[in-house]
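Listed here are the chains, written in short residue letters.
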Amino acid sequence: PDEDLDADELGGTVFWTEPYEWSQITHYVTYLATDEIGSGRSQIGSYVSIGTEQTYLAYNQGEASYSHVVVYTMSSLTEQTTPAFLAVSDTGAYIRSPLLVDLDLDFDDIGGPVTWLPPLDNPLTTHYDIYLATSPEGANRSRIGLDKPVGTNVVHLDPDFTTTPYT
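Residues numbered from 1 in each chain as written. Predicted model: local features only at pLDDT ≥ 70, side-chain atom pairs only at ≥ 80, totals over all residues. Heavy atoms only, no water.

(A) Looking closely at the overall build of the protein chain. A count of helical and extended segments in the protein chain gives zero helices and 13 strands. When its helices and strands are written in sequence order, the protein chain yields β-β-β-β-β-β-β-β-β-β-β-β-β. Burial status across the protein chain gives 32% buried among its 167 residues. For the protein chain, restricting intrachain contacts to residue pairs at least 6 apart in sequence, the fraction spanning at least 24 positions comes to 59%. Carbon together with sulfur atoms contributes 55% to the accessible area of the protein chain, which is approximately 10,500 Å² in total. (Helix = DSSP H or I, 4+ residues; strand = E, 2+ residues; numbered from the N terminus. Buried < 20%, exposed > 50% of the residue type's maximum accessible area, 1.4 Å probe, protein only. Contact = heavy atoms within 4.5 Å. Areas by Shrake-Rupley, 256 points an atom, 1.4 Å probe, with all protein chains shown as cover.)

(B) Fine view of the packing of aromatic side chains. For the structure on display, the rule yields three aromatic pairs. Ring plane angle 65° and centroid distance 5.2 Å describe the contact between W16 and Y28, whose orientation is recorded as edge-to-face. Highlighted residues: W16 in the loop between β1 (9-15) and β2 (27-33) and Y28 in strand β2, separated in sequence by twelve residues. Considering the side-chain rings of Y31 and Y72, the 5.6 Å spacing of their centres and the 85° angle between planes classify their relative orientation as edge-to-face. Of this pair, Y31 sits in strand β2 while Y72 is found in strand β5 (residues 68-74), placing the two residues 41 residues apart along the sequence. Each member of the pair, Y31 together with Y72, is buried. (Phe/Tyr/Trp six-rings, centres within 6.5 Å; stacked < 30°, edge-to-face > 60°.)

(C) Here's a closer look at the pairing of β2. Within β2, seven of the seven residues are buried, which leaves it mostly tucked inside the rest of the structure. When β2 meets strand β3 (residues 42-49), the two strands line up antiparallel, connected through five bridges. Looking at the pairing, Y28 lines up with V48 of β3. Pairing of β2 with β5 involves seven bridges; the strand directions are antiparallel. Residue pairing for β5: Y28 is matched across the bridge by T73. (Pairing = 2+ DSSP bridges.)

(D) Structural detail: a nonpolar patch on the surface. Among the surface-exposed residues, L99, V101 and L103 lie close enough to one another that they form a single nonpolar patch of about 280 Å² accessible area. Looking at the secondary structure, you find L103 in the loop between β7 (96-100) and β8 (109-117). (Patch = residues over 30% accessible without salt bridge, like charges linked within 9 Å, V, L, I, M, F, W, Y side chains within 5 Å. Salt bridge = Lys/Arg side-chain N within 4 Å of Asp/Glu carboxyl O.)

(E) Representation of the sheet that holds β8 within the structure. With respect to topology, three strands assemble into an open sheet ordered β7-β8-β13, the strand pairing being antiparallel. In the strand order of this sheet, the two ends are held by β7 and β13 (154-162), each with one partner. Put simply, the sheet's adjacent strands are angled 20° from each other on average, direction ignored. Pairing between β8 and β13: six bridges, direction antiparallel. The residue of β13 that forms the bridge with T115 is V154. (Axes fitted to C-alpha atoms, helices over the stretch in contact; angles between N-to-C directions.)

Printed below as a string of structure tokens:
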């Protein structure tokens, strides 16, 4: 499964099952590809030794036009012509209904509870990081406090927290 919780980005461990006949196989090679036959492919990591049957796709890999992970066997002579494949399923986890109740009366300051609803049905979420940013996309973000565990849906900003340059 995609363990990177950003939309349009992939990451996590890719698993496959060793073929029944593997005596001529020297290693595996894995790619992100635009289809199940390996078109437009981009290699994931390095060659994988026999007996491993997994590789790691680093987080924050842009999904771009990739729709499949393909796995080829390699012999001492060549790469297999037809790969095993798996369709990519991108996972995104976003909080819902964020709300700041500003209890600070100063124009350029904020303070008070920030609340949110958790992502819908996402068992991969382990904690929340809270930021102030200069745009809805998170530009120039600045972290507020420590990680908040799942089940915590509020953080309190101290009064007189300056909003400059945040929006």
